[in-house]
Amino acid sequence: MAKQALRFFKNRRQVLLENIPADRTLLELIRDDLQLKGTKEGCAEGDCGACTVVVGRLENGRPSLHAINSCIRFAHSIQDQILFTVEDLKQPDGSLHPAQQAMVDTHGSQCGFCTPGFVMSLFAMYERYVRHDLVITREQAQTDLSGNLCRCTGYRPILDAACRMPDYPKALLSHEALVACLSQATQSLPEALPLAQVASFYFQPKRLDSALMARATHPQALVVGGATDVGLWVTKRHDHYAKIIDVSRVQELCSILETSDELVLGAAVPLSRAFAVLKRHFPRTQEYLDRYAGLPIRESATLGGNIATGSPIGDSMPLLIALNARLTLRSATGMRHCAVELFYTGYRKNLLAADELITEISIPIERDSFVLAYKLSKRRDDDISIVALALSMTVKAGVISAIRIGVGGMAERPTRAIATEEKLRGQLLSASAMEDAAQGIEKEFTPISDMRASAAYRSQAIGQLLRRAWLEWSAP
Ligand SMILES: Cc1cc2nc3c(=O)[nH]c(=O)nc-3n(C[C@H](O)[C@H](O)[C@H](O)COP(=O)(O)OP(=O)(O)OC[C@H]3O[C@@H](n4cnc5c(N)ncnc54)[C@H](O)[C@@H]3O)c2cc1C
Ligand code: FES
Ligand code: FES
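These figures come from a predicted structure and were not determined experimentally.

**Considerations on the domain arrangement of the protein chain**
Argument step 1. Assigned domains within the protein chain: domain 1 (98-167), domain 2 (201-251) and domain 3 (255-474).
Argument step 2. Distance between the C-alpha centres of domain 1 and domain 2: 33 Å.

**So, the nonpolar core**
Argument step 1. Ranked by internal contacts, the top residues of the largest apolar core, which has 43 residues, are Leu278, Ile307, Leu319, Ile361 and Ile363.
Argument step 2. Excluding residues within four positions of it along the chain, Ile363 makes contact with Asp261, Glu262, Leu263, Leu265, Leu278, Phe282, Leu320, Leu323 and Ala325.
Argument step 3. Counting residues in each nonpolar core, the second largest holds 37 residues, with Ile136, Ile158, Ala162 and Tyr168 among its members.

**Looking at the packing of aromatic side chains**
Argument step 1. According to the stated counting rule, one finds 7 aromatic pairs in the structure shown.
Argument step 2. Ring geometry for Phe118 and Tyr155: centres 6.2 Å apart, planes at 65°, overall edge-to-face. Residue Phe118 is located in helix α3 (residues 114-128), and its partner Tyr155 is located in helix α5 (residues 155-164); the two are separated by 37 residues in the primary sequence.
Argument step 3. The buried category is assigned to Phe118, whose relative accessible area is 1%.
Argument step 4. For the pair Phe275 and Tyr292, a centre-to-centre distance of 5.5 Å together with 70° between the ring planes defines the contact as edge-to-face. One end of the pair, Phe275, is in helix α9 (residues 271-281); the other, Tyr292, is in the loop between α10 (286-290) and α11 (295-300), with 17 residues separating them in the sequence.

**Considering the site of ligand 1**
Argument step 1. In the vicinity of ligand 1 there are 32 residues, among which Val223, Gly225, Thr228, Asp229 and Thr302 approach most closely.
Argument step 2. At a separation of 2.7 Å, an oxygen atom of ligand 1 approaches a polar backbone atom of Gly226.
Argument step 3. Taking Ile358, its main chain carries an N or O atom lying 2.9 Å from a nitrogen atom of ligand 1.
Argument step 4. Notes on ligand 1: free accessible area 980 Å², of which the protein chains cover 93%.
Argument step 5. Elements with a minimum of two residues in the shell around ligand 1: β7 (222-224), α8 (230-235), α12 (303-309) and β15 (357-364).
Argument step 6. Sorting elements by how many residues they give to the shell around ligand 1 places α12 first, with 4 residues.
Argument step 7. Broken down by class, the residue content of the shell around ligand 1 amounts to 17 nonpolar, 9 polar and 6 charged.

**Quick word on the packing of helix α16 (residues 431-444) against helix α17 (residues 455-474)**
Argument step 1. Close contact between α16 and α17 brings their axes to 8 Å; oriented N to C, the two are set at 160°. It follows from the interaxial angle that α16 and α17 lie roughly antiparallel. Pair α16 / α17 crosses with right-handed handedness. Packed against α16, whose contacting residues are Ala431, Met434, Glu435, Ala437, Ala438, Gln439, Ile441 and Glu442, the element α17 presents Ser459, Gln460, Ile462, Gly463, Gln464, Leu466, Arg467 and Trp470 at the interface.

**Some thoughts on the side chain of Ser70**
Argument step 1. The topology assignment puts Ser70 in the loop between β4 (62-69) and β5 (82-84).
Argument step 2. Owing to a relative accessible area of 0%, Ser70 belongs among the buried residues under this scheme.
Argument step 3. In terms of polar contacts, Ser70 uses its side chain to reach the backbone carbonyl oxygen of Cys51, at 2.7 Å.
Argument step 4. When residues no more than four places from it in sequence are discounted, the contact partners of Ser70 are Thr25, Leu26, Leu27, Ile30, Thr39, Cys51 and Val53.

**What to know about the packing of helix α2 (residues 98-105) against α3**
Argument step 1. Contact geometry of α2 with α3 gives a least axis separation of 8 Å together with a crossing angle of 125°. Judged by the angle between their axes, α2 and α3 are oblique. Considering how the two elements wind past one another, α2 and α3 form a crossing that is right-handed. Between α2 and α3, the contacting residues are Pro98, Ala99, Gln100 and Met103 on the first element and Thr115, Phe118, Val119, Leu122, Phe123 and Tyr126 on the second.
Argument step 2. In terms of residue class, the contact of α2 with α3 is built from 8 nonpolar, 2 polar and no charged.

**Some thoughts on the sheet that holds β15**
Argument step 1. Strand order in this open sheet of 5 strands is β9-β10-β15-β11-β12, and the pairing throughout is antiparallel. The open sheet terminates on both sides in strands that have one partner only, identified here as β9 (256-258) and β12 (334-339). The mean inter-strand angle of the sheet, taken between neighbouring strand axes irrespective of direction, is 20°.
Argument step 2. Pairing analysis gives 3 bridges linking β9 to strand β10 (residues 262-266), with the strands arranged antiparallel. Looking at β10, one finds that Glu258 is bridged to Leu263.
Argument step 3. Sheet strands touched by helix α7 (residues 208-217): β11 (326-331) and β15. Its angle to β15, the strand with the most contacts, is close to 130°.

**Some remarks on helix α1 (residues 26-33)**
Argument step 1. Along α1, the positions that sit buried rather than exposed are Leu26, Leu27, Leu29 and Ile30. The buried residues of α1 occupy one face: seen down the axis, they fall within an arc of 165°.
Argument step 2. Gln35 lies just past α1 and shows a positive phi near 60°.

About the thresholds
- Residues numbered from 1 in each chain as written.
- Chains lettered and ligands numbered in written order.
- Predicted model: local features only at pLDDT ≥ 70, side-chain atom pairs only at ≥ 80, totals over all residues.
- Heavy atoms only, no water.
- Domains from an automatic or database assignment.
- Core = buried A, V, L, I, M, F, W, Y, C linked by side-chain atoms within 4.5 Å.
- Buried < 20%, exposed > 50% of the residue type's maximum accessible area, 1.4 Å probe, protein only.
- Contact = heavy atoms within 4.5 Å.
- Phe/Tyr/Trp six-rings, centres within 6.5 Å; stacked < 30°, edge-to-face > 60°.
- Helix = DSSP H or I, 4+ residues; strand = E, 2+ residues; numbered from the N terminus.
- Near = heavy atom within 4 Å.
- Polar contact = N/O pair within 3.5 Å; in protein donor to acceptor, adjacent residues only side chain to side chain.
- Areas by Shrake-Rupley, 256 points an atom, 1.4 Å probe, with all protein chains shown as cover.
- Nonpolar A, V, L, I, M, F, W, Y, C, P; charged D, E, K, R; others polar.
- Axes fitted to C-alpha atoms, helices over the stretch in contact; angles between N-to-C directions.
- Parallel < 35°, antiparallel > 145°, perpendicular 65-115°, else oblique.
- Left-handed = near helix turned anticlockwise from the far one by under 90°.
- Pairing = 2+ DSSP bridges.
- Arc of directions from axis to C-beta.

Shown next as structure tokens:
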């Protein structure tokens, strides 16, 4: 396989590596190529956080640092970015970083597998909150550390460490120096399309027309957003990909447009950003969205990737269906639109042609609608749904004038509970109408039994989630 050079910054120095295969993971690069063994491999599937590192990029001219799972990221994805591993935290005078010192002082330091990952997530929190004199609450610490697992428990002192970080003298990290590195990198960006005969490449276009041209020229190349699904095909299935088109830096796909009546989210917007906007517009979805994987996954995964993967238990889609979201699909020769629920043609199958990309997700804003979403999973945090239900309802003079219900885990694809919606539309909103609808939704689908739950459990659970929506609606 032909190999490609990679440039990034580490500890204020430029690193240039030749001959890095397109599908080499960032963790392989760190441990094997750079010989830095502080970053660990636990699960190799984005679940445990042992491999957490922090990457920095420029956002609106300011450095923005994000904790990510290096085990399922491709090495080339950090081209021209800054990489921090646990080896970089030592302060210039040799003392520990506040994230490390707080772990020592609260007795949060545990085994050599989970601790470096926890420390890197704490470092990202430090830069997000302490650097800007923002308070870290225990609840925030729990949300931000939800992607780091310890099999032996012992979370309390780690949460103490997170809240204790502001008590130490400020760590030295010159944001001006970060900006200087990153600005220098973004100035030298040749965007050479991979030629048709090229056998191997990792192409990371900045412009949509380049991405679409590459897609047209190499329809068999693997499209990648955050690689939180695709990375596992490499680490778990041991697939190899010689041609990769990484759309995560396409400017048009990274934008968010908010008008008074519509939200337009670029398909490569990371979930952490997309969810922040959704939570602001639909505040009652906060818990639902915070329970999507752990923060390092949400920092990498994109909305377009979640939709394209089309898992029947994917979490964005029930909410997007309830919100009446519409997708824009583009190729080099045209553009079309479709509703999220009409995008799927079967189990993980969709309408996307070999030369198309999902480019935008448009969500109408209905001012007077009430939006709720619930996820049921075996573990509260960092776990995939058993079933999910999202509902958007407008009630006028006590009557349900509009309702949309999206469900996950009830069919081979994310779907809409049309029969239940019809039952409720035009009804006086009441306990008996909702009970009737809850009994109806239990029978509307024929879910499967699998390792997560039996079909009977799923049917009962989806009814209970609708009952819960009523209780929340009617609560004083
Ligand atoms: C530990 C862990 C926990 C997870 N927890 C959850 C969870 O709680 N809920 C949940 O729903 N999912 C979860 N996932 C699944 C995963 O995070 C999502 O499916 C994710 O959103 C995929 O987005 P991505 O950008 O990483 O996609 P990628 O892995 O980059 O790509 C996935 C697929 O989408 C295609 N694709 C990507 N972008 C585009 C585009 N713009 N146009 C066309 N095709 C595109 C790719 O070709 C590929 O087929 C979890 C995954 C892991 C590893
Ligand atoms: S090794 Fe477990 S998340 Fe990466
Ligand atoms: S996994 Fe490290 S102490 Fe539990």
